[in-house]
Amino acid sequence: MSISLSSLILLPIWINMSQIQQGGPDEKEKTTALKDLLSRIDLDELMKKDEPPLDFPDTLEGFEYAFNEKGQLRHIKTGEPFVFNYREDLHRWNQKRYEALGEIITKYVYDLLEKDCNLKKIFIPVDATESEPKSFIFMSEDALTNPQKLMVLIHGSGVVRAGQWARKLIINEDLDSGTQIPFIKRAMDEGYGVIVLNPNENCIEVEKPKTHVQSSSDSSDEPVEKRERKDKVSKETKKRRDFYEKYRNPQREKEMMQLYIRENGSPEEHTVYVWDHFIAKSAAENVFFVAHSYGGLAFVELMIQREADVKSKVTAVALTDSVHNVWHQEAGKTIREWMRENCCNWVSSSEPLDTSVESMLPDCPRVSADVLSIGRG
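A short tour of the structure in this document, coming up. Quick caveat: nothing in here was measured; it's all calculated off a predicted structure. (Residues numbered from 1 in each chain as written. Predicted model: local features only at pLDDT ≥ 70, side-chain atom pairs only at ≥ 80, totals over all residues. Heavy atoms only, no water.)

Some words on the packing of helix α12 (residues 294-305) against helix α14 (residues 333-342)
The condition is simple: Helix axes are fitted only over the stretch in contact, all axes being lines through C-alpha atoms; the angle between N-to-C directions runs from 0 to 180 degrees. Secondary structure follows DSSP: runs of H or I at least 4 residues long count as helices, runs of E at least 2 residues long count as strands, and numbering of each begins at the N terminus. These descriptions rest on fixed angle ranges, namely under 35 degrees for roughly parallel, over 145 for roughly antiparallel, 65 to 115 for roughly perpendicular, and the rest for oblique. A crossing counts as left-handed when the near helix is turned anticlockwise from the far one by less than a right angle, and as right-handed when that turn is clockwise. Any two residues having at least one pair of non-hydrogen atoms within 4.5 Å are treated as being in contact. Side-chain classes follow a simple rule in which Ala, Val, Leu, Ile, Met, Phe, Trp, Tyr, Cys and Pro form the nonpolar group, Asp, Glu, Lys and Arg form the charged group, and the remainder, Gly included, forms the polar group.
In contact at an axis separation of 10 Å, α12 and α14 are set at 130° when each is read in the N-to-C sense. Looking at the two axes, α12 sits oblique to α14. The two elements α12 and α14 meet at a crossing, and its hand is right-handed. For the pair formed by α12 and α14, the contact residues are Phe-299, Val-300, Met-303 and Ile-304 on the first element and Ile-335, Trp-338 and Met-339 on the second. Partitioning the contact of α12 with α14 into residue classes produces 7 nonpolar, no polar and no charged.

Some details on unusual backbone geometry
In this structure, the amide linkage connecting Ile-124 to the following residue, Pro-125, adopts the cis form with an omega of 0°. For Pro-125, the location among the structural elements is in the loop between β3 (120-124) and β4 (135-139). With phi around 65°, Glu-64 is a residue other than glycine that occupies positive phi space. The residue Glu-64 is located in the loop between α4 (60-63) and β1 (65-67) in this model.

Topic: the packing of aromatic side chains
Each pair of aromatic rings is reported with the distance of its centres and the angle of its planes. How we decide: Only rings of Phe, Tyr and Trp enter the pairing, Trp through its six-membered ring, and a pair is recorded when the two centres are within 6.5 Å. The plane angle decides the type: under 30 degrees is stacked, over 60 is edge-to-face, the rest tilted. Buried residues are those whose accessible area, probed at 1.4 Å on protein chains only, stays under 20% of the maximum for their type, while exposed residues exceed 50% and partly exposed ones sit between those limits. Only Lys NZ and Arg CZ are tested; either one counts as a charge over a ring when it is within 6 Å of the ring centre and within 35 degrees of the ring normal.
A complete count under the given rule lists 15 aromatic pairs for this structure. Seen in terms of ring centroids, Tyr-192 and Phe-288 are 5.6 Å apart; in terms of plane orientation they differ by 75°. Their pairing is edge-to-face. With Tyr-192 in the loop between α8 (181-189) and β6 (193-196) and Phe-288 in strand β9 (residues 286-292), this residue pair connects regions lying 96 residues apart in the sequence. Taking relative accessible area as the criterion, Tyr-192 reaches 14% and is therefore assigned buried. Measuring from centroid to centroid gives 6.5 Å for Trp-275 and Phe-289, while their planes differ by 25°, and the two rings are stacked. Within this pair, whereas Trp-275 is found in helix α11 (residues 267-277), its partner Phe-289 is found in strand β9, the two being separated by 14 residues in sequence. A single burial state applies to Trp-275 and to Phe-289, both of which are buried. Positioned above the aromatic ring of Trp-93 is the side chain of Arg-87, whose terminal nitrogen or guanidinium carbon lies 4.8 Å from the ring centre. Against the face of Tyr-192 rests Lys-149, its NZ or CZ located 4.3 Å from the ring centre.

Written as structure tokens, this is what we have:
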């Protein structure tokens with residue numbers, strides 16, 4: 001007969017309960033508390049107490065990884081690709097490690113956009129004060145002055161940031177597969193100005209300030225006995241909650257709060273903001289968009305809010321696995337007609353490249369991208 005790990009963890013509690021159930025009122029109160037504890041225990045959370053610290057390097061070198069000459073992420077000692085399951089049976093820890101590496105790669109790609117692609121980082125809002133939260137986009141030197149052509153790139157949703165299509169592809173394949181850099185370089189070689197949007201950078205995270213909860217005895221006009229009784233209950237409740245928390249989250253992470261960036265609090269807001277303050281003011285006679293996944297939805301929202309301006313300035317839109325929906329977004333007939341003529345959505349498919357793919361929506365044509373998955377976040 002085998003005994004599960006969960007049984008071993010909970011067995012002492014069950015034994016303790018059976019022993020105290022025969023006692024008086026005080027013991028019954030303990031029984032109630034233990035039952036409450038059992039109902040709250042999440043075994044996955046309980047096992048966090050055996051996790052190594054969630055303390056990861058903040059550089060690629062610290063992780064002992066580097067990108068080789070082919071743009072592939074490899075271990076600097078073994079030459080092996082990235083290994084997700086670095087520690088067996090510790091999925092949460094492995095995921096946190098992966099996320100920490102992902103944040104480093106985001107900064108790495110930002111550096112490539114500036115140093116390898118010669119783009120400029122432009123902070124927004126353009127009139128931001130020194131103390132308020134800010135985001136940024138990237139632009140080529142001639143983005144606003146090129147009289148002929150401007151290319152605008154919008155990535156999808158999730159953890160990706162400016163310059164990325166898919167973090168997973170960067171880590172597991174190479175930089176050319178997962179970043180926008182090949183698009184940027186080719187566009188610039190062919191005489192385009194370039195603007196790279198950053199639609200997922202909507203807020204900054206700061207540690208939540210600790211709040212002081214005023215005791216009821218400090219501010220209440222209730223009788224002394226009633227206040228004392230309430231304070232006693234409050235203290236017992238806090239003691240019990242702290243006891244539960246010890247088991248629920250042994251590696252308690254900092255409580256964070258989000259401060260949203262003015263006029264850039266969502267991908268849709270960001271896209272409209274960059275249009276109003278940069279793209280609409282550019283000298284380019286022809287503007288072209290490349291938008292992946294949620295970026296396609298953001299573009300359709302831009303059309304809904306700035307239809308006449310977009311029609312007068314945008315020549316063509318290349319979508320990849322776009323998740324826009326003209327019905328849910330309530331795009332009007334004139335927008336749908338324009339999209340049929342000026343947009344094309346390349347979608348995941350095993351069909352040969354550019355083969356027509358059936359669509360349920362009356363908007364732009366859908367054609368095969370000749371891949372089963374273009375890449376996600």
